[in-house]
Amino acid sequence: MNKTEALAVLSEIRDALYKSLVMNWVSIDGSQVSHVLTGGYEIKIKCELDSVSRDIINSVSKRYELLMKEQNGYVILRSLKD
């Protein structure tokens, strides 16, 4: 995803979860994302998900064709497109 798409995704997640999810740290990074299959920017959010917030983020990630991964207290969203 490009930077504009990454900002749109983050904005949509923030708007959908503004009362129920505390984002302790957010990063939109393009410098370290060089994998051929993901490319572009990735979003990394430090937070703890419950089932409702996980479902909402999954829904947003599917709409934007993103891979959602939870790792060490972070949610990482990357593009599935080339």
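Up top you'll find the structure we're talking about.
## Looking at the overall build of the protein
Thinking step 1. A tally of regular secondary structure across the protein gives two helices and four strands.
Thinking step 2. Reading the secondary structure of the protein in the N-to-C direction produces α-β-β-α-β-β.
Thinking step 3. In the protein, of all internal contacts separated by at least 6 residues, the share reaching a separation of at least 24 is 53%.
Thinking step 4. Accessible area of the protein: about 5,200 Å², with a carbon and sulfur share of 49%.

## Topic: helix H2 (residues 51-63)
What sets the pattern is the α-helix's 3.6 residues per turn: residues three or four places apart point alike.
Thinking step 1. Its 13 residues give H2 an end-to-end C-alpha distance of 18 Å, which sits within 8% of 18 Å, the value for a rise of 1.5 Å per residue.
Thinking step 2. Ser53, Ile57, Val60 and Ser61 are the residues of H2 that are buried. The arc that holds every buried residue of H2, seen down its axis, measures 100°, which confines them to one face. Among the exposed residues of H2, those pointing more than 90 degrees away from its buried face are Val52, Asp55 and Lys62.
Thinking step 3. On the buried face of H2, the contacting elements are helix H1 (3-17), strand E3 (66-71) and strand E4 (74-79).
Thinking step 4. The opening residue of H2 is Asp50, an N-cap whose side-chain oxygen sits 3.3 Å from the backbone nitrogen of Val52.
Thinking step 5. At the C-terminal side of H2, Glu65 shows a positive phi close to 55°.

## Section: the sheet that holds E4
Thinking step 1. Within the open sheet, the four strands sit side by side as E1-E2-E4-E3. Their pairing is antiparallel. Either end of the sheet is taken by a strand with one partner, and the two such strands are strand E1 (25-29) and E3. Neighbour-to-neighbour, the strand axes of the sheet open up by a mean angle of 15°, direction not taken into account.
Thinking step 2. Bridging between E3 and E4 involves six bridges; their strand directions are antiparallel. For Met68, the partnering residue across the bridge sits in E4 and is Leu77.
Thinking step 3. Across the sheet, H2 touches E3 and E4, and the angle it forms with E3 is around 150°.

## Focus on the side chain of Ser53
Thinking step 1. With respect to the secondary-structure elements, Ser53 resides in helix H2.
Thinking step 2. Ser53 has contacts with Leu17 and Leu21, leaving out every residue within four places of it along the chain.

## Section: the packing of aromatic side chains
Within a pair of aromatic rings, the relevant descriptors are the distance that separates the centres and the angle that separates the planes.
Thinking step 1. Applying the stated criterion across every chain yields a total of zero aromatic pairs.
Thinking step 2. When the ring centre of Tyr74 is taken as origin, the NZ or CZ atom of Lys46, which lies over that ring, is 5.0 Å away.

How each quantity is defined
Residues numbered from 1 in each chain as written. Predicted model: local features only at pLDDT ≥ 70, side-chain atom pairs only at ≥ 80, totals over all residues. Heavy atoms only, no water. Helix = DSSP H or I, 4+ residues; strand = E, 2+ residues; numbered from the N terminus. Contact = heavy atoms within 4.5 Å. Areas by Shrake-Rupley, 256 points an atom, 1.4 Å probe, with all protein chains shown as cover. Expected span 1.5 Å × (residues − 1). Buried < 20%, exposed > 50% of the residue type's maximum accessible area, 1.4 Å probe, protein only. Arc of directions from axis to C-beta. Polar contact = N/O pair within 3.5 Å; in protein donor to acceptor, adjacent residues only side chain to side chain. Pairing = 2+ DSSP bridges. Axes fitted to C-alpha atoms, helices over the stretch in contact; angles between N-to-C directions. Phe/Tyr/Trp six-rings, centres within 6.5 Å; stacked < 30°, edge-to-face > 60°. Lys NZ or Arg CZ within 6 Å of the ring centre and 35° of its normal.

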